[in-house]
Amino acid sequence: MISVVIPLYNKAHTIINTLETVISQSFVDFEVVIVNDGSTDNGVDIIRQFTSDSRIRIITQENQGVSVARNKGVEESKFEYIAFLDGDDEWKPDYLEKVNQAITQHPEAGMICAGGVVRNNDEIEPRLAKKYTDTMAVRDFFENPHVFLHTSAAVARKAEFLQSGGFPVGMKRNEDYACFFALALITPVVYIGFPLTVYVGMVPGQATQTSTSKVISHIIDRYNHVHNKWKNTTTKNKSYPVFLRYELRHEILNFIRRGEYDMIVYLLKNLDKDILGKFSPFEFQWYANKKLKQVSVLFIYMTKVRWRMRGYPYLGE
């Protein structure tokens, strides 16, 4: 059986549609734990039309942020596997059925991810790893985590979730990456290559609408958090440092293109020194120097070519 954890904060305009996609699942052996994180709208009152379903529980707490809400939901859950779902996203009817199939076929895996689509207003784009379309198997998570992972398409075994530390409290961006990247360092991960979930974008109040410059400290906290977890694992994942270098260089390339050199300097000052040690000597100093823009961009593109030659996909492919 599966526990579905939904954090709720001022999602009265979306929560009913989200819940209806859970209730209509072909797999029915689940409970729903909704954690009302101090909402100030009437979302909870709207939900109560579903409370005749004994599988649904509502827990209310003072506003403490999405990480606390999700962690609370896991704490209150009754079952071994936790399926996470945000209050503005959707599931296709066979999502939990496919998840249950993955659990049955791969009991060694403590984390399951699935493909889906991204819907922004009337535009729909796939969020699917092309090379693994229509397959279900254990995969190297750090080969392509930004496509493999989305919170509303992620399931964790409770034991491994608790071992990883759960969602870091206070992080206003990337708390999902921090949690699930850390989880992937300690357990095999199954990827389900079917479009089973819907990420609904352009919704008022979404954290992703905040500019990077306002949350850069939280993004750095995520890098440091995951890297510290990696350093402290007995069997260190060999793909993680490869992906770390690729992802950070990709982030820096965007900063260079936008002329945000202050962001690069901030990275240099606040990233874990061991992370900086994974890069070429003086590499970050090059990136922070406006006069070396062309050299920096060329160097990053060269590393991208090497990434492709090693068989890794484009970021987001």
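K.L.:
Looking at this structure, how should I read the state of the cysteines?
P.N.:
Should the sulfur atoms of two cysteines be covalently bonded, the bond is a disulfide. Considering all chains together, one arrives at zero disulfides under this definition. Cysteine 113 carries a free sulfur, and the closest cysteine sulfur to it, the one in cysteine 179, is 11 Å from it. With a relative accessible area of 0%, cysteine 113 lands in the buried category. Overall, the relative accessible area of 0% leaves cysteine 179 in the buried class.

K.L.:
Which parts of the structure should I look at to understand the pattern of salt bridges?
P.N.:
Side chains that differ in charge, positive against negative, can pair when their charged atoms come close. For the structure on display, the rule yields 14 salt bridges. Among the ionic pairs, lysine 72 bridges to glutamate 75, the shortest N-O distance being 3.9 Å. Of the two residues, lysine 72 and glutamate 75 both sit in helix H3 (residues 66–76), three residues apart, roughly one turn of that helix. Judged by relative accessible area, lysine 72 falls into the partly exposed class, the value being 24%. Arginine 249 is the salt-bridge partner of glutamate 283, the closest N and O atoms lying 2.7 Å from each other. Residue glutamate 283 is found in helix H12 (residues 283–287), and its partner arginine 249 is found in helix H9 (residues 239–258); the two are separated by 34 residues along the sequence. Just as glutamate 283 is buried, arginine 249 falls in that class too. Taken together, the salt bridges that share partners define one network made up of Arg70, Asp86 and Glu175.

K.L.:
So what exactly am I meant to see when it comes to the nonpolar core here?
P.N.:
Nonpolar side chains in soluble globular proteins tend to be buried together. One finds Phe84, Met111, Phe141, Leu149, Phe180, Leu248 and Leu271 to be the most contacted residues of the largest nonpolar core, which totals 57 residues. Leaving out residues up to four positions away in the same chain, phenylalanine 141 has contacts with Met111, Cys113, Phe148, Leu149, Phe180, Phe181, Ala184 and Val189. Core analysis: the next-biggest nonpolar cluster, separate from the first, contains 34 residues, Val32, Ile56, Ala102 and Ile112 among them.

K.L.:
For this particular structure, what's the right way to read the packing of aromatic side chains?
P.N.:
By convention here, two paired aromatic rings are described through the distance between centres and the angle between planes. Using the criterion set out here, one finds 21 aromatic pairs in the structure. Their ring planes at 45° and their centres at 6.2 Å tell us that phenylalanine 142 and phenylalanine 243 sit as a pair that is tilted. A residue pair is termed long-range when its members are at least 10 positions apart, and phenylalanine 142 in the loop between strand E8 (136–139) and helix H5 (145–148) and phenylalanine 243 in helix H9 qualify at 101 residues. Ring centres of phenylalanine 167 and phenylalanine 180 lie 5.5 Å apart, and the angle between their planes is 90°; this geometry places the pair in the edge-to-face category. Note that phenylalanine 167 is positioned in the loop between helix H6 (158–164) and helix H7 (175–184) and phenylalanine 180 in helix H7, a separation of 13 residues in sequence. Residue phenylalanine 167 is classed as buried on the basis of its relative accessible area of 1%. An aromatic cluster is built from Tyr132, Phe141, Phe142, Phe148, Tyr177, Phe181, Tyr191, Trp230, Tyr240 and Phe243, whose rings are joined through pairwise contacts. Against the face of phenylalanine 167 rests arginine 70, its NZ or CZ located 4.9 Å from the ring centre.

K.L.:
Help me understand helix H13 (residues 293–309) in this model?
P.N.:
With 17 residues, H13 ought to run about 24 Å at 1.5 Å a step, and its terminal C-alpha atoms sit 25 Å apart, in line with that. Taken as a whole, H13 has its buried residues at Ser296, Ile300, Thr303, Lys304 and Trp307. All buried residues of H13 project into a common sector of 105° when viewed along the axis, lining one side. Within H13, the exposed residues directed more than 90 degrees away from the buried face are Gln294, Leu298, Met302, Arg306 and Met309. Those residues of H13 that are buried are in contact with H9 and H12.

Basis of the calculations
- Residues numbered from 1 in each chain as written.
- Predicted model: local features only at pLDDT ≥ 70, side-chain atom pairs only at ≥ 80, totals over all residues.
- Heavy atoms only, no water.
- Disulfide = S-S within 2.5 Å.
- Buried < 20%, exposed > 50% of the residue type's maximum accessible area, 1.4 Å probe, protein only.
- Salt bridge = Lys/Arg side-chain N within 4 Å of Asp/Glu carboxyl O.
- Helix = DSSP H or I, 4+ residues; strand = E, 2+ residues; numbered from the N terminus.
- Core = buried A, V, L, I, M, F, W, Y, C linked by side-chain atoms within 4.5 Å.
- Contact = heavy atoms within 4.5 Å.
- Phe/Tyr/Trp six-rings, centres within 6.5 Å; stacked < 30°, edge-to-face > 60°.
- Lys NZ or Arg CZ within 6 Å of the ring centre and 35° of its normal.
- Expected span 1.5 Å × (residues − 1).
- Arc of directions from axis to C-beta.

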